[in-house]
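Now for the letters of each chain:
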Amino acid sequence: MKSLIFLILLLFIGCGKSDKENTIVVNSYSNEPLLYQQWSIEYNQTFYEDNQIDKDANIHTNDLLKKYSGKGIKVAVIDDYVDINHEDLVISKTYSIITNSERLEYSSDYLHGTAVTGVIAARANKKGILGIAYNSEIIFIQMKSSMRESEMIELFEKAKELGADIISCSWGTYTQSDALQDEINDLVINGRDKKGIIILFAVGNDNKNLDEVDDESKMKNVIAVGATDSDNKRAVYSNYGSDLDVMAPGGYYYGITTTDILGNDGYSSDNYNLYDDKNAFAGTSAATPIMSGVIALMLEKNPNLTYNDIMEIIKNYSDKIGKYEYVNGRNDYYGYGKVNLFNYLNAIK
Amino acid sequence: MKKIFLLFCVTFLFGEYFYSNNKKIELNLISTSRDGVKFYSLKNGEILGVGNYILVRFKKGVDVLKYEKEFNLTLIKKIKNIYIFKTPFNQALEISNKMYKLSDVIFAHPDFIHIMKKR
């Protein structure tokens, strides 16, 4: 009896200690109704087996999303439009080059940006899906369907002005120019208090060898992201070449479940675009925000990481998947391999 | 055969182009809009628009005004080190190509209009 009282006393003493440094914050995210079908995020045995998904097709979050959620990290998404009223999204700041103001202009074919944004930052709120960096701050920058190069530069400058740590670009033009490269160089070197803004570009969905064409994803100092499918292989459409850096799930037969324009106006008739919808969200456009979310978690763990630090981790800790030989850690079809969040975060001190 | 050779020479000598990353990029005119924007196709089939604006970065300490006068340019805006100039009508390619070769210039090319492709 005495020892029982002693034990209870010890327990009370332990509870009374309020040592913030020893507190491990455990985020609750697993109650998202559609998380089970977000095959790119984590392994769900029933869902994976029912749909014959390769067990390694996800990014290997291994419960780390309980600890990391992108809190304090600002991710700028440059895209067509985002539904700021979506129940699963919180947009911190907006800017539109169309209205030259915070007000985003809506058009019935501006569906892409809402899908991209959800992949990064859909909230853990028991309403729908889970973004990889679900507590990150989203800065949404609206682009036009055709733009002058100087306007493109202004968008990147705006992202910097609004405090972006990461800029996610799920678009491209198959061109390159000195002026945009100059802007990218400046942001990656001098942005984020000289730690550099991390800029990602989707490599495109045309099964093209990018060594034969120009493209923004080939620019120096950007992270070029290709797509894998639910077989954990390079998606057949994903462009390739010597400038490809890393692969992330982008889907093919099965898409990436994400947020959709509210109501009937989006890709689907629901508020979410599901993995098996007719117009499921798939492509390097989906892979890029996954990688942007991963980098948000990396910066949460260590905000001092630079572009070079992140590239070193990508080079050394990506999964070397696929049938092609990796020479010096890379090949042209998979870059340095596929993102592995668990390995990446463990590699960060 | 002679005609084909002649056509090749004419295209090579007088075809339109711009410079990017120290490469000469060839352009094929496909249409001109009512407001004078010319649309070109690149070798890869992509389309670029060229209006009457150019983007130029000079080396440090260069007398920019001198070049404004020489090429009859109007300064529209400066974004950090990049100058956006308006050129006389229909001369953006010609002027930017000339400026690209100047030792005072780091780069110069038209303020291209791009079609943004979501991926």
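Residues numbered from 1 in each chain as written. Chains lettered and ligands numbered in written order. Predicted model: local features only at pLDDT ≥ 70, side-chain atom pairs only at ≥ 80, totals over all residues.

1. Here's the deal with the overall build of chain A
Each helix and strand counted, chain A has 8 helices and 11 strands in total. The C-alpha radius of gyration of chain A comes to 21 Å, within 12% of the 20 Å expected for a compact globule of 349 residues. Taken along its principal axes, the extent of the C-alpha atoms in chain A is 80 × 50 × 45 Å. The buried share of chain A, taken over its 349 residues, is 56%. Considering only residue pairs separated by 6 or more positions, chain A has 70% of its internal contacts joining residues 24 or more positions apart. (Helix = DSSP H or I, 4+ residues; strand = E, 2+ residues; numbered from the N terminus. Rg over C-alpha atoms; globule rule 2.2 N^0.38 Å. Buried ≥ 20, exposed ≤ 12 C-beta atoms within 10 Å, placed from the backbone. Contact = placed C-beta atoms within 7 Å.)

2. Brief notes about the interface of chain B and chain A
Each side of the interface is counted separately: chain B has 23 residues, and chain A has 32 residues. Of all the elements in the fold, those that place two or more residues in the side of chain B that touches chain A are β5 (53-58), β7 (82-86), β8 (105-110), β9 (113-115) and β10 (117-118) of chain B. When residues of the side of chain B that touches chain A are assigned to their parent elements, the largest contribution, 3 residues, is made by β9 of chain B. Each residue belonging to the side of chain B that touches chain A can be placed in one class, and the counts come to 11 nonpolar, 5 polar and 7 charged. (Nonpolar A, V, L, I, M, F, W, Y, C, P; charged D, E, K, R; others polar.)

3. What about the sheet that holds strand β8 (residues 223-228) of chain A?
All names here are of chain A. Sheet architecture is open: 7 strands sit in the order β2-β3-β1-β5-β7-β8-β9, paired in parallel fashion. One side of each edge strand has no neighbouring strand; the edge strands of this open sheet are β2 (91-96) and β9 (246-249). Neighbour to neighbour, the strand axes of the sheet diverge by 25° on average, direction disregarded. Sheet topology note: the strand β5 (residues 166-169)/strand β7 (residues 198-202) ladder contains 4 bridges and is parallel. (Pairing = 2+ DSSP bridges. Axes fitted to C-alpha atoms, helices over the stretch in contact; angles between N-to-C directions.)

4. Considerations on the packing of helix α4 (residues 149-161) of chain A against helix α5 (residues 178-194) of chain A
All names here are of chain A. At a minimum axis distance of 9 Å, the contact between α4 and α5 shows a crossing angle of 10°. Viewed along their axes, α4 and α5 adopt a mutual orientation that is roughly parallel. For the pair formed by α4 and α5, the contact residues are E149, M152, I153, F156 and K160 on the first element and A179, L180, E183, L187 and G191 on the second. By residue class, the composition of the contact of α4 with α5 is 6 nonpolar, 1 polar and 3 charged. (Parallel < 35°, antiparallel > 145°, perpendicular 65-115°, else oblique.)

5. Notes on helix α6 (residues 284-301) of chain A
Under the 1.5 Å per step criterion, the end-to-end length of α6 of chain A is 26 Å for 18 residues, consistent within 8% with the ideal 26 Å. In terms of residue burial, α6 of chain A counts as a mostly covered element, since 17 of its 18 residues are buried. (Expected span 1.5 Å × (residues − 1).)

6. Focus: the environment of D309 of chain A
Residues and elements named next belong to chain A. In this fold, D309 is placed in helix α7 (residues 307-317). Judged by the 17 C-beta atoms lying within 10 Å of it, D309 is partly exposed. Through-space distance from the C-alpha of D309 to that of D83 is 34 Å; in sequence the pair is 226 residues apart.

7. Examining the pairing of strand β6 (residues 74-79) of chain B
Residues and elements named next belong to chain B. Counting buried residues in β6 gives 0 out of 6 residues, a small share hidden from the surface. Pairing between β6 and β7: 5 bridges, direction antiparallel. Note on β7: the bridge partner recorded for L75 is F85. Counting the residues between successive antiparallel strands, the hairpin from β6 to β7 contains 2 residues, one of them, K80, with a positive phi of roughly 50°.

8. What to know about the packing of helix α3 (residues 112-121) of chain A against α6 of chain A
All names here are of chain A. Between α3 and α6, whose axes approach to 8 Å, the crossing angle comes to 35°. As α3 packs across α6, the resulting crossing turns out to be right-handed. Residue-level contacts link H112, V116, V119 and I120 of α3 to S285, A286, P289, I290, S292 and G293 of α6. Within the contact of α3 with α6, the residues separate by chemical class into 6 nonpolar, 4 polar and no charged. (Left-handed = near helix turned anticlockwise from the far one by under 90°.)

9. Digging into the nonpolar core
All names here are of chain A. With 130 residues, the main nonpolar core has V75, V225, M291 and V294 as its most contacted residues. Top contributing element to this core by residue count: α6, with 10 residues. Contact partners of V294, with chain neighbours within four places excluded, come to I59, I132, V339, L341 and Y344. (Core = buried A, V, L, I, M, F, W, Y, C linked by C-beta atoms within 7 Å.)

10. Points about unusual backbone geometry
Residue and element names in this part refer to chain A. Residues other than glycine seldom take positive phi values, yet Q52 does so here, at roughly 50°. Examined against the element boundaries, Q52 turns out to sit in the loop between α2 (45-50) and β1 (74-79). For N328, which is not glycine, the phi torsion reads 50° and is therefore positive. Within the fold, N328 resides in the loop between α7 and α8 (341-347). Residue classification places N328 among the exposed positions, given that 7 C-beta atoms sit within 10 Å.

11. Re the sheet that holds β6 of chain B
With antiparallel pairing, 4 strands are arranged side by side in an open sheet as β6-β7-β5-β8 (chain B). Only two strands of the sheet have a single neighbouring strand rather than two, namely β6 and β8 of chain B. If you compare each strand with its neighbour and ignore which way they point, the axes differ by 25° on average. Where α4 of chain A meets the sheet, it contacts β5, β6 and β7 of chain B, and its direction lies at approximately 30° from that of β6 of chain B. Against the sheet, helix α3 (residues 92-100) of chain B touches β5 and β8 of chain B, its axis set at about 165° to β8 of chain B.

12. Quick notes on the confidence of the model for chain A
Residues with a pLDDT of 70 or more make up 92% of chain A, whose mean pLDDT is 93. In the model, residues 9-22 of chain A has pLDDT below 50 throughout and makes 0 contacts with residues more than four positions away in sequence or in other chains. (pLDDT = per-residue confidence, 0-100.)

13. Focus: α3 of chain A
A large share of α3 of chain A lies buried, amounting to 10 of its 10 residues. Where α3 of chain A is concerned, the buried positions are H112, G113, T114, A115, V116, T117, G118, V119, I120 and A121 of chain A.

14. With respect to the environment of N205 of chain A
Following the sequence through the fold, N205 of chain A ends up in the loop between β7 and β8. Judged by local crowding, N205 of chain A falls into the buried class, with 24 C-beta atoms found within 10 Å. For the pair N205 of chain A and A235 of chain A, spaced 30 residues apart in sequence, the C-alpha separation works out to 8.9 Å. If we ignore the near neighbours within four places in the chain, the residues touching N205 of chain A are Y237, S238, G283 and T284 of chain A together with R119 of chain B.

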